[in-house]
Amino acid sequence: MKMRILLIVVVLGLMAGVAYRIQHSASGDKKGGGDRALSVRTVPVAVRDFPRVIDLPGTLEAAQQVAIVAQTGGTVLRQHVQEGDAVRAGQVLFSLDSRPAQARIAQSQATLAGARAETADAVQKLDRLSPLMKSGYISRQEFADAQLALESARARAGTARAELEAAQLDVAYGQIRAPIDGRVGRIAVRAGTLVQAGGTPLTTILAPGTLDVRASVSQQDWPELAAARMHGKVTAEVFRDTDRTVRAQGELVFVDSQIDATTGAVPIKVRLAGAPTALLSGQGVRVRLLLGVEPNAKVVPEAALQHAQVGSYVYVVRGGKAVVQAVNVTRSLDGEEVVEGELRAGEPVLIEIPQRLKAGSKVKLEGTHR
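Let us look at the structure shown here.

## A short note on the overall build of the protein chain
For step 1, the next point in the chain: For the protein chain, the helix and strand inventory stands at four helices and 21 strands.
For step 2, the next point in the chain: A sequence separation of at least 24 residues applies to 75% of the contacts in the protein chain between residues at least 6 apart.
For step 3, the next point in the chain: Surface accessibility of the protein chain: about 22,300 Å² in total, with carbon and sulfur atoms responsible for 52%.

## Notes on the nonpolar core
For step 1, the next point in the chain: Counting 24 residues, the largest nonpolar core has Leu 225, Ile 268, Leu 272, Val 287 and Leu 289 as the members making the most contacts within it.
For step 2, the next point in the chain: In contact with Leu 272, not counting residues within four places along its chain, are Leu 60, Thr 210, Leu 211, Val 213, Val 238, Ala 248, Gln 249, Gly 250 and Leu 279.
For step 3, the next point in the chain: The next biggest cluster of nonpolar side chains, apart from the first, holds 18 residues, and it includes Val 76, Val 81, Val 189 and Ala 207.

## Looking at the sheet that holds strand S5 (residues 86-87)
For step 1, the next point in the chain: The four strands are arranged S3-S10-S8-S5 in an open sheet whose pairing can be described as antiparallel. Strand pairing shows two members of the sheet lacking a second neighbour, strand S3 (65-68) and S5, which therefore form its edges.
For step 2, the next point in the chain: For strand S8 (residues 182-184) and strand S10 (residues 203-206), the ladder comprises two bridges, and the chain directions are antiparallel. Looking at the pairing, Val 184 lines up with Ile 205 of S10.

## Points about the packing of helix H2 (residues 99-135) against helix H3 (residues 140-173)
For step 1, the next point in the chain: Taken N-terminus to C-terminus, the directions of H2 and H3 make an angle of 160°; their axes are 7 Å apart at the nearest point. Viewed along their axes, H2 and H3 adopt a mutual orientation that is roughly antiparallel. Considering only the axes of H2 and H3, their crossing is left-handed.
For step 2, the next point in the chain: Partitioned by chemical class, the residues of the contact of H2 with H3 number 20 nonpolar, eight polar and ten charged.

Basis of the calculations
- Here the residue numbering is sequential within each chain, running from 1 through the sequence in written order.
- For this predicted model, a pLDDT threshold of at least 70 governs which residues receive local features, and a threshold of 80 or more governs which side-chain atom pairs are given and counted, while totals over whole chains, interfaces and linings are taken from all residues.
- The side-chain quantities take in all heavy atoms of the structure and omit both hydrogens and water.
- Note on conventions: DSSP H or I runs of at least 4 residues are helices, E runs of at least 2 residues are strands, and numbering of each starts at the N terminus.
- In what follows, a contact means two residues having at least one pair of non-hydrogen atoms within 4.5 Å.
- With residues, only the protein chains shown are counted as cover, and all accessible areas are computed by Shrake-Rupley using a 1.4 Å probe.
- For this analysis, a nonpolar core means a set of buried residues of the types Ala, Val, Leu, Ile, Met, Phe, Trp, Tyr and Cys, connected via side-chain atoms within 4.5 Å.
- The buried label applies to any residue whose accessible area, calculated with a 1.4 Å probe on protein chains only, is under 20% of its type's maximum; exposed applies above 50%, and partly exposed to all values in between.
- Strand pairing is assigned whenever DSSP identifies at least 2 bridges connecting the two strands.
- Note on definitions: angles span 0 to 180 degrees between N-to-C directions of axes, and those axes are lines fitted to C-alpha atoms, for helices only across the stretch in contact.
- Throughout, the term roughly parallel applies to angles under 35 degrees, roughly antiparallel to angles over 145, roughly perpendicular to angles from 65 to 115, and oblique to all others.
- Definitions for this section: a left-handed crossing has its near helix turned counterclockwise from the far helix by less than a right angle. A right-handed crossing has that turn clockwise.
- Throughout this entry, Asp, Glu, Lys and Arg are counted as charged residues, while Ala, Val, Leu, Ile, Met, Phe, Trp, Tyr, Cys and Pro are counted as nonpolar. The remaining residues, Gly among them, count as polar.

Written as structure tokens, this is what we have:
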């Protein structure tokens, strides 16, 4: 019995010792975790001028391009150019079948000749009747009829002359010429195609040189753009969608006077300085309007910004501890954020958040990266 009691006492003592050690170890870990500083990566808060920009999607187009539309109907007899050809102003692009117009010219010429003969005859008749009218040998009605015959002949001559000029114009319009120097775009017709006056463009002539970027500014960004325009010209940078390398620079040259009802935005146009070979008409690009700078802005990397239901915040190292500081983001650009809040220039903010980090945790700086 005594041995059994002794064994029980020993076992209970061992269990108590194990429990004490586990509890002490857990307590020590907790204290050690609280006392052990976490290594963190930080960057200092920068206070500097920050660019004010508006980034927009846009589409390139030739600064001068002309859609070639037939001014008269007819069948395309001949195509004188090919897609991509360089042409000069006045060069023939297409020839239409002018035989119907030539027939109208002949008909109008015959009609005009008959009307002129009638006019001459009416003039002679009126000249003969005029003295007879004064002597009373003919009635006023007879003289008035002669005057009406003359006016009718003159009217028919005028109509025939107008028809002749219209037919001559149709013959001239049958030779479709380039209105400007440039390069021929895609050709939508071929020989034998029947075209209509004012119908679908036959092709497009793109003038060499300058390119434009068409884009639209949202109503939200419009006041800032309007304010920038009041202080002078607004310049721009153009990127390709696939990278952020500046491909061209330009200037804002057009702002529409009203909001597009379809998009709810204000159409604009930026004219590029030159025509870089990497950019082509019809290509989608990103255009950045440069509106000036925001002085003394507090700038932190995008990686430092944290988000919660109550708003945005950053971890700031103060007194060796990670302190939560609420901020308000006012502007973003290329991975940097302009924030408002109780931050001081040079204060280290965390750009990598350890899983065990909590507000008030002790931290040590792994390094400062500028």
